[in-house]
Amino acid sequence: MVDVSMEDWVDVSLKGQAEIPCIYTLKEPAKMIVWFTKLPGRDQSRRRIYYYDGQKTVIEEGSEYVGRIKVTHSHEPQNARGSAILIIDNVQLSDQREYICTVYNVSTDSGEGRTRLQIFNSPSLPVIEGMHTGISVTVEEPSKVDGRWISQTQHHMVKTMELVTTKPNGLFTVHSDLYIKVEKTDEDALFYCEVKYFVPGGVRMTETKKINITVHYPTTEVTLSVNPHDRLIKEGDTVKIRCVGNGKPPPIFSFTHNGDELSSDEEMLLLDNVSRSNSGTYVCQSFDLDTGTSFEDSINITVHYLDHIVVTPEETVLDQGDDLTLTCNALSSLPTQTAWYKHDMQLVERHVLELNNASYDTAGMYMCKVTVPSLPDLQELKSVQVSVRGKPKLTVEMAVDPVNKADRSVNLTCHAEGYPSPTITWTLSDQWTGQPVPVPEVESQKTDTGVLSMISVRATSKLTVNCSAANEFGTVNVSHKIEACDVLTSACISPLTAGSGSGVIIAVMIICLLLIAILGSMLYFLYKKGKLPCGRSGKQDFTKEKASKDDIVMEMKSGKSEEAVLLQGINGDRKSPTE
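In this report, the structure presented in the accompanying data block is examined. (Residues numbered from 1 in each chain as written. Predicted model: local features only at pLDDT ≥ 70, side-chain atom pairs only at ≥ 80, totals over all residues. Heavy atoms only, no water.)

**Focus: the overall build of the protein**
Right, on to step 1. Tallying secondary structure elements over the protein gives 1 helix and 47 strands in all.
Right, on to step 2. Here the protein holds 579 residues, and the buried ones make up 35% of them.
Right, on to step 3. Taking all contacts inside the protein whose residues are at least 6 apart in sequence as the whole, residues at least 24 apart take part in 59%. (Helix = DSSP H or I, 4+ residues; strand = E, 2+ residues; numbered from the N terminus. Buried < 20%, exposed > 50% of the residue type's maximum accessible area, 1.4 Å probe, protein only. Contact = heavy atoms within 4.5 Å.)

This is the structure in structure tokens:
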């Protein structure tokens, strides 16, 4: 009898390598070793898969182990001990069975041992799915939740259902359903599933991701809020009224304003460009379809306003020396502040403006401004024109801009006050000839107190410019003399003053006489030298090409008498005055 020992179980992972040792006790090496497998199921027959007789090795052809198994042999004579280890590569689920090792000695005595091969396959990551429709707390029976186990101390009603199925490849699929009676506090609970499985040499665990389930519960309270909530509401604003219930899903909401139903399909009521008529009480009412319960909340809204300003009198014409009282009022839902302005300068801070002893300085545009201190965006403006009758008045002398050296142009401005509005007329004249000059295009514009007129002239000669302002009460004039600029040197002659005209004429005449005297002296000098003969042969044409001895004639006139001096050519004879 041969003593053979083997392990009861050998664990191995799917597609791994299995080693099944067969240990025997013999002083000499085994004469023959045979490996068998025992088929699972009812068929308990053996099937030989390996044979060894000390000289040759045989692996049964046609078996599923061809190419996947081998056996290693060893023997220790000093210990009278030998081993035959069956090695299986690429382990399959079908390899999970009983393996038998039979050992023969030289006397044909035998002994055998048995080992069961246990194959493990780690499960895929588990998957958890929640109920997409949500779970209501009003449901009496437990609702399905795929997830972690919850102890009975956490919920009154908890149960699980598991289903195990075997696939054609031999693997198992485990499906577990969790049923609980949810509560409102479960809204924030996280559910997951733990899976424990065996591996060679121990037990491992994996778990799913954590999920949150949708818990439905009825509304028990409604809250109404308004946006903007941190400031006063004025006409023209956009207001949002939101109704929120503490149930899930939200119930159906309806709105009323001062008892009248409003159209709104959502939890928010939008009021665009509100007016004072939107003030009042707003009520939001909820209705739960599951329970049939209803709750409501209300809020009061005040839309503040500031009406348009009323100024009395609206437009006024005064005579010089008159007094006037202007009143400014605007109806508002809040306290107001009123101020009067002229030319952007504040005059008084009250509703009434008093104007005494009217003059041209009194005339102009006055502005009344009404504001609401507690709501700065709420303000109104209203202007009123005050006119003072009288003869036109030039506010300043004619304004003259510097000469533009490029085109020798100069801009002139004339501003006249008065009521009725004056008519401004421009005239231009040449200072040398006294003749009128055409007036260029005139630009005019109304002002608060009169009219402003502008022209642009070219300083090619010395000009006198006159501005005349007239209405039914009279006429006023202002004049200005414009300098002339040289187009080459860009040098400008100083403008003429009102009393310098005759002096300039005298100076010009003196310059002309001096030029004539110089010319006469030159002619007399030539005559003395004999270079210029003289005679009374009559007047000579300066343009005549051929005269006697190239005669040149100059004629001078003075008053009614006439004296002609004949200047003959250089080679002419000297003649007496009688000739």
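This is not the end of the story, as more comes after the structure.
**Topic: the pairing of strand 33 (residues 345–348)**
Right, on to step 1. Pairing of strand 32 (residues 337–342) with strand 33 involves 3 bridges; the strand directions are antiparallel. Paired with Tyr 341 across the two strands is Gln 346, which belongs to strand 33.
Right, on to step 2. Between the end of strand 32 and the start of strand 33, which pair antiparallel, lie 2 residues, with His 343 showing a positive phi angle near 55°. (Pairing = 2+ DSSP bridges.)

**Brief notes about the pattern of salt bridges**
Right, on to step 1. For the structure shown, the criterion picks out 13 salt bridges.
Right, on to step 2. One salt bridge connects Lys 210 with Glu 207, and the closest N-O pair in it is separated by 3.6 Å.
Right, on to step 3. Overall, the relative accessible area of 45% leaves Lys 210 in the partly exposed class.
Right, on to step 4. Salt bridges sharing common partners tie together Arg 46, Glu 98, Glu 112 and Arg 114. (Salt bridge = Lys/Arg side-chain N within 4 Å of Asp/Glu carboxyl O.)

**Examining the nonpolar core**
Right, on to step 1. Residues Trp 35, Leu 86, Ile 88, Tyr 99 and Val 103 are the most contacted members of the largest nonpolar core, which totals 28 residues.
Right, on to step 2. Listed by contribution, the elements that provide at least two residues to this core are strand 2 (9–13), strand 3 (18–25), strand 4 (32–38), strand 5 (46–52), strand 7 (69–76), strand 8 (81–88), strand 9 (98–104) and strand 10 (110–120).
Right, on to step 3. It is strand 3 that provides the largest number of residues to this core, a total of 4 residues.
Right, on to step 4. In terms of nonpolar packing, the next biggest core, distinct from the first, is built from 25 residues, Val 311, Val 348, Leu 353 and Val 370 among them. (Core = buried A, V, L, I, M, F, W, Y, C linked by side-chain atoms within 4.5 Å.)

**Quick word on the environment of Gly 450**
Right, on to step 1. Looking at the secondary structure, you find Gly 450 in strand 42 (residues 450–458).
Right, on to step 2. A relative accessible area of 5% means that Gly 450 is categorised as buried.
Right, on to step 3. Each C-alpha atom, one on Gly 450 and one on Thr 423, is 9.2 Å from the other, the two residues being 27 residues apart in sequence.
Right, on to step 4. Excluding its chain neighbours within four sequence positions, the residues that come into contact with Gly 450 are Ala 416, Glu 417, Gly 418, Ser 421 and Pro 422.

**As for the state of the cysteines**
Right, on to step 1. Per the counting criterion, the structure on display carries 4 disulfides.
Right, on to step 2. Residue pairing for Cys 22: its cysteine sulfur links by disulfide to Cys 101, the two sulfurs lying 2.2 Å apart. With the S-S bond torsion at -85°, the cross-link from Cys 22 to Cys 101 turns out left-handed. Note that Cys 22 is positioned in strand 3 and Cys 101 in strand 9, a separation of 79 residues in sequence. Take Cys 22 and Cys 101: they sit in the same class, and that class is buried.
Right, on to step 3. Here Cys 328 connects covalently by a disulfide to Cys 368, the sulfurs 1.9 Å from one another. When the S-S torsion is -85°, as for the bridge of Cys 328 with Cys 368, the disulfide is left-handed. Taken together, the residues span a long stretch of sequence, with Cys 328 in strand 31 (residues 324–329) and Cys 368 in strand 35 (residues 364–371) at a distance of 40 residues. There is no split in this pair, since Cys 328 and Cys 368 are both buried. (Disulfide = S-S within 2.5 Å.)

**Some points on the sheet that holds strand 29 (residues 310–312)**
Right, on to step 1. Sheet architecture is open: 3 strands sit in the order 29-31-34, paired in antiparallel fashion. Looking at which strands have only one partner, the edges of the open sheet turn out to be strand 29 and strand 34 (352–355). Pairs of neighbouring strands in the sheet enclose a mean axial angle of 15°, with direction left out of account. (Axes fitted to C-alpha atoms, helices over the stretch in contact; angles between N-to-C directions.)

**Some words on the side chain of Gln 385**
Right, on to step 1. Positionally, Gln 385 belongs in strand 36 (residues 379–394).
Right, on to step 2. Polar side-chain contacts of Gln 385 include one of 2.5 Å to the backbone oxygen of Asp 448. (Polar contact = N/O pair within 3.5 Å; in protein donor to acceptor, adjacent residues only side chain to side chain.)

**Notes on a nonpolar patch on the surface**
Right, on to step 1. Taken together, Val 164, Phe 172 and Val 174 make up a surface patch of nonpolar side chains, about 330 Å² in accessible area.
Right, on to step 2. Note on Val 164: relative accessible area 52%, which makes it exposed. (Patch = residues over 30% accessible without salt bridge, like charges linked within 9 Å, V, L, I, M, F, W, Y side chains within 5 Å. Areas by Shrake-Rupley, 256 points an atom, 1.4 Å probe, with all protein chains shown as cover.)

**Overview of the packing of aromatic side chains**
Right, on to step 1. Tallied over the full model, the rule gives 1 aromatic pair.
Right, on to step 2. Ring geometry for Tyr 65 and Tyr 99: centres 6.2 Å apart, planes at 75°, overall edge-to-face. Of this pair, Tyr 65 sits in the loop between strand 6 (57–59) and strand 7 while Tyr 99 sits in strand 9, and the two are 34 residues apart along the sequence.
Right, on to step 3. Across the ring face of Phe 36, the terminal group of Arg 46 is positioned such that the distance to the ring centre comes to 5.6 Å.
Right, on to step 4. Positioned over the ring face of Tyr 305 is Arg 276, at 3.7 Å from the centre of the ring. (Phe/Tyr/Trp six-rings, centres within 6.5 Å; stacked < 30°, edge-to-face > 60°. Lys NZ or Arg CZ within 6 Å of the ring centre and 35° of its normal.)

**Looking at the sheet that holds strand 24 (residues 260–262)**
Right, on to step 1. The strand order across the open sheet formed by 4 strands is 24-23-26-27, and the pairing between neighbours is antiparallel. This sheet does not close on itself; its edge strands, each paired only once, are strand 24 and strand 27 (294–301). Within this sheet the neighbouring strands show an average axis-to-axis angle of 30°, counted without direction.
Right, on to step 2. Strand direction decides the pairing type here: strand 23 (residues 252–257) and strand 26 (residues 280–287), joined by 6 bridges, are antiparallel. When the bridges of strand 26 are listed, Phe 255 appears paired with Cys 284.

**Some details on unusual backbone geometry**
Right, on to step 1. With an omega of 10°, the peptide bond between Asn 227 and Pro 228 qualifies as cis.
Right, on to step 2. By the secondary structure assignment, Pro 228 is in the loop between strand 20 (222–227) and strand 21 (233–234).
Right, on to step 3. Tyr 419 connects to Pro 420 through a cis peptide bond whose omega is 0°.
Right, on to step 4. Phi at Ala 80 is positive, roughly 50°, even though this residue is not glycine.
Right, on to step 5. For Ala 80, the position within the fold is in the loop between strand 7 and strand 8.
Right, on to step 6. Not every positive phi belongs to a glycine, and Asn 273 is a case in point at roughly 55°.
Right, on to step 7. Within the secondary structure, Asn 273 sits in the loop between strand 25 (268–271) and strand 26.
Right, on to step 8. For Asn 273, a relative accessible area of 54% gives the class exposed.

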